Amino acid sequence: MTEKLRTLEHRMVDPVAAKLAPYVSANVVSALSLLAALAAGIAFWQGRPVTGALLILANGFLDMLDGCIARARGTAGPFGSFVDKIIDKYADLIFLFGMLLGGLAHPVPAVTAMVGIPLATYINAAVESLTKGQVKFQEKFSLRFVRIVILVIGGLVRRTRIAVWLVAAVVVYAVAARMIHNLIYLRRGSKE
């Protein structure tokens, strides 16, 4: 599924990236994606879920576009990839925090998701470090893609409270699945 989404992404975004690449750097587009995330958080804080959802879509498009521009310019590398991942995490937290501040989300699922998102990433990074890159937990669906789809739909239909509960459930599942998978692998490795 993730591969199909990447193929679709490239078909949609590569032509735009090819036209923009001579004029704009991937770093500028990354900064714009962070600004779109901040604008979405502010929209949610102001109680405007539809505007927030549209700005999440803008953030997602810019997030896809920055990598495609970097590849088109021949500047793709670990630094840009790292910055992109950090911006993605902050963006997700900003969306949820805006919903929480705007009264569009119950505090329990919002805080659960806000803690779980970086925790899921940390679990993978810790195990990859401990095993020197031998273990890489790959989900069938991109966790961020699922979260974004849920939040966008929730915003567009003005059901952000339900959307945040669903995001929290997805995040808790991801954290638990990663912990179990990695603990089993590490346990087997220590017995060998």
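Criteria and thresholds
Residues numbered from 1 in each chain as written. Predicted model: local features only at pLDDT ≥ 70, side-chain atom pairs only at ≥ 80, totals over all residues. Heavy atoms only, no water. Helix = DSSP H or I, 4+ residues; strand = E, 2+ residues; numbered from the N terminus. Rg over C-alpha atoms; globule rule 2.2 N^0.38 Å. Buried < 20%, exposed > 50% of the residue type's maximum accessible area, 1.4 Å probe, protein only. Areas by Shrake-Rupley, 256 points an atom, 1.4 Å probe, with all protein chains shown as cover. Lys, Arg positive; Asp, Glu negative; His and termini not counted. Charge placed at Lys NZ, Arg CZ, Asp CG, Glu CD. Salt bridge = Lys/Arg side-chain N within 4 Å of Asp/Glu carboxyl O. Core = buried A, V, L, I, M, F, W, Y, C linked by side-chain atoms within 4.5 Å. Contact = heavy atoms within 4.5 Å.

> Pulling in residues and values, what's your account of the overall build of the chain?
When helices and strands are counted, the chain shows seven helices and zero strands. Along the chain direction, N to C, the helices and strands of the chain fall in the order α-α-α-α-α-α-α. Rg of the C-alpha trace for the chain: 18 Å, near the compact-globule value of 16 Å for 192 residues, within the 12% margin. Relative to its full complement of 192 residues, the chain shows a buried share of 37%. Of the roughly 11,100 Å² that the chain leaves accessible, carbon and sulfur atoms contribute 68%. Distance between charge centres in the chain, computed from 21 positive and 11 negative side chains, equals 5 Å.

> With reference to specific residues and values, describe the pattern of salt bridges.
Between side chains of opposite charge, a pair can form as their charged atoms come close. For the coordinates displayed, the defined rule picks out four salt bridges. In this structure, Asp 92 and Arg 144 form a salt bridge, with 3.0 Å as the shortest nitrogen-oxygen distance. Of the two residues, Asp 92 is situated in helix α4 (residues 78-101) and Arg 144 in helix α6 (residues 143-156); the sequence distance between them amounts to 52 residues. With a relative accessible area of 2%, Asp 92 lands in the buried category. Look at the salt bridges and you will find they share partners, linking Asp 63, Asp 88, Asp 92, Arg 144 and Arg 147 into a network.

> I'd like to hear about the nonpolar core, residue by residue, with values.
The tendency in soluble globular proteins is for nonpolar side chains to be buried as a group. Core analysis: the biggest nonpolar cluster contains 28 residues, and Ile 56, Phe 95, Met 99, Leu 151 and Val 164 have the highest contact counts within it. Looking at this core, the elements that each hand over two or more residues are α2 (26-45), α3 (49-73), α4, α5 (107-130), α6 and α7 (160-191). Broken down by element, the residue count for this core peaks at seven residues, all from α7. Discounting chain neighbours no more than four positions away, the residues touching Phe 95 are Ala 37, Ala 40, Phe 44, Ile 56, Asn 59, Arg 144, Ile 148 and Leu 151. Among the nonpolar cores identified, the runner-up in size contains twelve residues, and Val 13, Val 29, Ala 36 and Ile 69 belong to it.

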